[in-house]
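Commentary on secondary and tertiary structure
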Amino acid sequence: MQNSSDPIDYNGVLSDSLQVSQDGYIRMSLPAFMELPLSHFLSGLDNEPIRQTVEGVTETSISGYSEWLSDTSPRVTVGWDWRLDLTTGSPRYLREGMPRSNIMLIDSANGQDLGEETTEASIASRIDLDDLFSDLIKHIISRYS
């Protein structure tokens with residue numbers, strides 16, 4: 001049985017071995033990041049709706065932001081913008097743009113940085129694959145209703 005003060009192993013990366021580098025990143029492998037539990041911290045609506053004019057019709061969309069945290073020390077943060085898509089008949093939340101984070105993914109074999117683009121794309125894939133939007137929706141409904 002694991003003691004609550006024992007470090008948690010996220011696919012070969014112990015939670016107590018996470019450190020903030022001089023450049024501000026927390027480095028970890030993709031498998032470690034994929035196993036890292038993230039908890040909803042804050043979500044909100046943008047103050048100004050996005051307005052687009054398409055073929056003479058002004059379309060307004062609802063958009064916002066979401067921030068998630070790990071329970072590790074130091075904390076991993078992942079944030080992204082989203083919009084409510086109403087074009088399919090049933091509303092659905094979609095990630096808008098690339099996520100923001102203090103993570104730099106590294107190659108598991110040699111510890112080399114995978115780079116910002118690969119890291120952003122990998123984080124975006126996790127956001128899109130995980131069911132993170134269900135917590136976001138619950139928070140938006142409770143905060144704004």
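Located above this text is the structure these notes cover.
What this report covers is the structure whose coordinates are included nearby. Every value quoted in this text rests on a predicted model; they were computed, and no experiment measured them.

1. Things to note about the overall build of the chain
Across its full length, the chain carries three helices and ten strands. Mapped in sequence order, the helices and strands of the chain form the string β-β-β-α-β-β-β-β-β-β-β-α-α. Taken over 145 residues, the chain has a buried fraction of 32%. Within the chain, counting contacts between residues at least 6 apart in sequence, those at least 24 apart form 50% of the total. Entry remark: accessible area of the chain is about 8900 Å², with carbon and sulfur atoms responsible for 49%.

2. Considering the packing of aromatic side chains
Summed over the entire model, instances satisfying the criterion amount to three aromatic pairs. With a centroid separation of 5.9 Å and 70 degrees between ring planes, the pair formed by Trp80 and Phe133 is classed as edge-to-face. Residue Trp80 is found in strand β8 (residues 77-85), and its partner Phe133 is found in helix α3 (residues 132-144); the two are separated by 53 residues along the sequence. In this structure Trp80 comes out as buried when scored by relative accessible area, which is 0%. The class for Phe133 is buried, based on a relative accessible area of 12%. Linked through ring pairs, Trp68, Trp80 and Phe133 together constitute an aromatic cluster.

3. Quick word on the nonpolar core
Met28, Phe33, Val78, Trp80 and Ile103 are the most contacted members of the largest nonpolar core, which totals 22 residues. Sorting the residues of this core by element identifies β3 (26-29), α1 (30-35), β8, β10 (103-106), α2 (116-129) and α3 as the ones contributing at least two each. Beyond its immediate sequence surroundings of up to four residues, Ile103 is in contact with Tyr25, Ile26, Met28, Phe33, Val76, Val78, Thr119 and Ile123.

4. Thoughts on the pairing of strand β9 (residues 92-101)
Pairing analysis gives seven bridges linking β8 to β9, with the strands arranged antiparallel. Within β9, the position partnered with Arg83 by the bridge is Leu94. Hairpin connection between β8 and β9: a loop of six residues separates the two successive antiparallel strands, and Gly89 in this loop has a positive phi of roughly 100 degrees.

Basis of the calculations
Residues numbered from 1 in each chain as written. Predicted model: local features only at pLDDT ≥ 70, side-chain atom pairs only at ≥ 80, totals over all residues. Heavy atoms only, no water. Helix = DSSP H or I, 4+ residues; strand = E, 2+ residues; numbered from the N terminus. Buried < 20%, exposed > 50% of the residue type's maximum accessible area, 1.4 Å probe, protein only. Contact = heavy atoms within 4.5 Å. Areas by Shrake-Rupley, 256 points an atom, 1.4 Å probe, with all protein chains shown as cover. Phe/Tyr/Trp six-rings, centres within 6.5 Å; stacked < 30°, edge-to-face > 60°. Core = buried A, V, L, I, M, F, W, Y, C linked by side-chain atoms within 4.5 Å. Pairing = 2+ DSSP bridges.

Purely geometric stuff here, so don't read any function into it on its own.
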